[in-house]
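# Coordinates in review
One-letter residues, chain by chain:
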Amino acid sequence: MSRNRGVVYLGPGKVEVQDIEDPKFAAPDGRRIEHAVILKVVSTNICGSDQHMVRGRTTAEAGLVLGHEITGEVIEKGSDVEMLEVGDIVSVPFNVACGRCRCCKGQDTGVCLTVNPARAGGAYGYVDMGGWIGGQARYVMVPYADFNLLKFPDRDRAMEKIRDLTMLSDILPTGFHGAVRAGAGVGSIVYVAGAGPVGLAAAASARILGAAVVMIGDFNKERLAHAAKVGFEAVDLSKSDRLGDLVAEVTGSDEVDCAIDAVGFEARRHGGGEQPAIVLNQMMEITRAA
Ligand SMILES: NC(=O)c1ccc[n+]([C@@H]2O[C@H](COP(=O)([O-])OP(=O)(O)OC[C@H]3O[C@@H](n4cnc5c(N)ncnc54)[C@H](O)[C@@H]3O)[C@@H](O)[C@H]2O)c1
Ligand SMILES: [Zn+2]
Ligand SMILES: [Zn+2]
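Keep in mind that what you see is a predicted model, and the values were worked out from it rather than measured.

## Digging into the domain arrangement of the chain
One can read the domain layout of the chain as domain 1 (5-168) and domain 2 (172-286). The C-alpha centroid of domain 2 is placed 29 Å from the C-alpha centroid of domain 1. Between domain 1 and domain 2, the residue contacts involve seven residues of the former and six residues of the latter. Summed over both sides, the interface of domain 1 with domain 2 buries roughly 630 Å², with 50% coming from carbon and sulfur. Across the domain 1-domain 2 interface, the total number found is three salt bridges. For the pair domain 1 and domain 2, the interface holds four residue pairs in polar contact (both at pLDDT 80 or more). Class assignment of the residues belonging to the side of domain 1 that touches domain 2 gives a composition of three nonpolar, two polar and two charged.

## Some words on the coordination of the zinc ion (ligand 3)
Cys98 (SG), Cys101 (SG), Cys104 (SG) and Cys112 (SG) make up the full set of protein donors to the zinc ion (ligand 3), lying at 2.3 to 2.4 Å. Each of the four donor atoms around the zinc ion (ligand 3) contributes to a set of angles spanning 100 to 118°, which defines the coordination as tetrahedral. When the donor residues of the zinc ion (ligand 3) are listed from N- to C-terminus, their spacing reads C-x2-C-x2-C-x7-C. Placement of Cys101 in the loop between strand 6 (95-96) and helix 2 (102-105) and of Cys112 in the loop between helix 2 and strand 7 (122-123) is noted, with a sequence separation of 11 residues between them. Look at Cys101 and you get buried, because its relative accessible area is 8%. Look at Cys112 and you get buried, because its relative accessible area is 0%.

## Some words on the site of ligand 1
Close to ligand 1 lie 24 residues, the nearest being Ser49, His52, Asp218, Arg223 and Arg268. One nitrogen or oxygen atom from the side chain of Gln51 is found 3.3 Å from an oxygen atom belonging to ligand 1. One of the side-chain nitrogen or oxygen atoms of Arg223 is found 2.8 Å away from an oxygen atom of ligand 1. If ligand 1 stood free it would expose 870 Å²; the protein chains cover 82% of that surface. Taken together, the elements giving at least two residues each to the shell around ligand 1 come down to helix 1 (48-54), helix 7 (197-208), strand 11 (213-218) and helix 10 (278-286). A total of four residues in the shell around ligand 1 trace back to one element, the largest contributor, which is helix 1.

## A closer look at the sheet that holds strand 11
Whether parallel or antiparallel, the strands of a sheet pair through hydrogen bonds between backbone atoms. Strand order in the open sheet formed by four strands is 12-11-10-13, and the pairing between neighbours is parallel. Edge strands, defined here as strands with exactly one partner in the open sheet, are strand 12 (233-236) and strand 13 (258-261). Mean inter-strand twist for the sheet, computed between neighbouring axes without regard to direction, equals 20°. Relative to strand 11, strand 10 (residues 189-193) is paired through five bridges, and the arrangement is parallel. Along strand 11, the bridge assignment pairs Ile189 with Val213. Helix-sheet contacts for helix 10 involve strand 10 and strand 13, and the interaxial angle to strand 13 is about 175°.

## Some details on the coordination of the zinc ion (ligand 2)
Where a metal carries four tetrahedral donors, each ideal angle is 109.5 degrees; where it carries six octahedral donors, the ideal angles are 90 or 180 degrees. The zinc ion (ligand 2) binds to the protein through Cys47 (SG), His68 (NE2) and Asp170 (OD), with metal-donor distances spanning 1.9 to 2.3 Å. Of note, the zinc ion (ligand 2) draws all its donor residues from one chain, in the sequence arrangement C-x20-H-x101-D. Here Cys47 is found in the loop between strand 3 (37-44) and helix 1, whereas its partner His68 is found in the loop between helix 1 and strand 4 (70-77), with 21 residues between them in sequence.

## Concerning the pairing of strand 1 (residues 4-11)
Of all eight residues that make up strand 1, six are buried, and the element is covered over most of its length. The antiparallel pairing of strand 1 with strand 2 (residues 14-20) creates a hairpin that spans two residues between the two strands, and Gly13 there sits at a positive phi of about 80°.

## Structural notes on helix 7
Spanning 12 residues, helix 7 covers 16 Å between terminal C-alpha atoms, matching the ideal 16 Å at 1.5 Å per step. Those residues of helix 7 that fall on the buried side of the exposure criterion are Gly199, Leu200, Ala201, Ala202, Ala203, Ser205 and Ala206. Those residues of helix 7 that are buried are in contact with helix 6 (171-182), strand 10, strand 11, helix 8 (221-229) and strand 13. Directly beyond the C-terminal end of helix 7, a positive phi value near 110° is found at Gly210.

Rules used throughout
Residues numbered from 1 in each chain as written. Chains lettered and ligands numbered in written order. Predicted model: local features only at pLDDT ≥ 70, side-chain atom pairs only at ≥ 80, totals over all residues. Heavy atoms only, no water. Domains from an automatic or database assignment. Contact = heavy atoms within 4.5 Å. Buried area = accessible area lost by both parts, 1.4 Å probe. Salt bridge = Lys/Arg side-chain N within 4 Å of Asp/Glu carboxyl O. Polar contact = N/O pair within 3.5 Å; in protein donor to acceptor, adjacent residues only side chain to side chain. Nonpolar A, V, L, I, M, F, W, Y, C, P; charged D, E, K, R; others polar. Donors = N, O, S within 2.8 Å, 3.2 Å for Na, K, Ca; no water. Tetrahedral: all angles 85-135°; square planar, octahedral: opposite > 155°, others 65-115°. Helix = DSSP H or I, 4+ residues; strand = E, 2+ residues; numbered from the N terminus. Buried < 20%, exposed > 50% of the residue type's maximum accessible area, 1.4 Å probe, protein only. Near = heavy atom within 4 Å. Areas by Shrake-Rupley, 256 points an atom, 1.4 Å probe, with all protein chains shown as cover. Pairing = 2+ DSSP bridges. Axes fitted to C-alpha atoms, helices over the stretch in contact; angles between N-to-C directions. Expected span 1.5 Å × (residues − 1).

Printed below as a string of structure tokens:
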């Protein structure tokens, strides 16, 4: 009998914790692999990207085991795994990557060429990302373990901070990547759209990179209050549909040096209703040229 349980997508608005198969040392196409480990999941997050699937906004099929933000303990390893031991506590980057293809060698592990026959890029528990089984579960298999896994050097210290460290698999690097790509740096004035976990991570990253002012816009009052509490300039988008005016209330100018979209395609507009392009359009208005 299997001892595994996982969060299974059943259809729009419906997920359930169910008995699922135990992970195997096998790729999604069934090939035996020895470069994998089996993890006992220690902690995991629900991603904003999971919500797109759960809300029925994607072509995800019923039966998909969700979860791509995994932190776990190695409980079994394949014979090709050389750098990890049973008992190690590890963070799992959400992208499944081989470490050997042209993209991986160029550090573009998000578009690994070998882990998804349909297109570049793989992930756990996600529609169209190669069929790797998700980790909102008790146990999960991670391939190319030596390459993919980030081992925490000290088990006890890792467990003390495990809820913070859980952010390392997706949310923090996604926000950090956004801040770096937007060019946030010493003295920058930064606008982050969205006060969700990714927006907060982007804002924190902009601060680490040296930004002078970091604004976060959202409609959600609770999230804005939290953003303000941790030291960012909260911009309440319900007050006006003119983002430049709201930005000028903070800095005196309606222009920022860089802007980061941490909302995505389910963006809403002032006054309610969905408008997928609103964030990008507003960012083009308020961000200085180049
Ligand atoms: N690596 C990746 O590519 C990656 C990783 C994680 C998340 N994501 C994506 O990032 C986005 C954010 O993720 P999250 O987990 O923080 O999601 P979330 O749903 O928790 O947060 C999104 C926030 O955006 C707010 N919002 C809606 N319309 C807005 C607007 N016009 N302006 C400003 N804020 C607005 C919402 O009120 C909400 O608070 C999602 O689309 C998710 O799919 C991408
Ligand atoms: Zn994610
Ligand atoms: Zn690769």
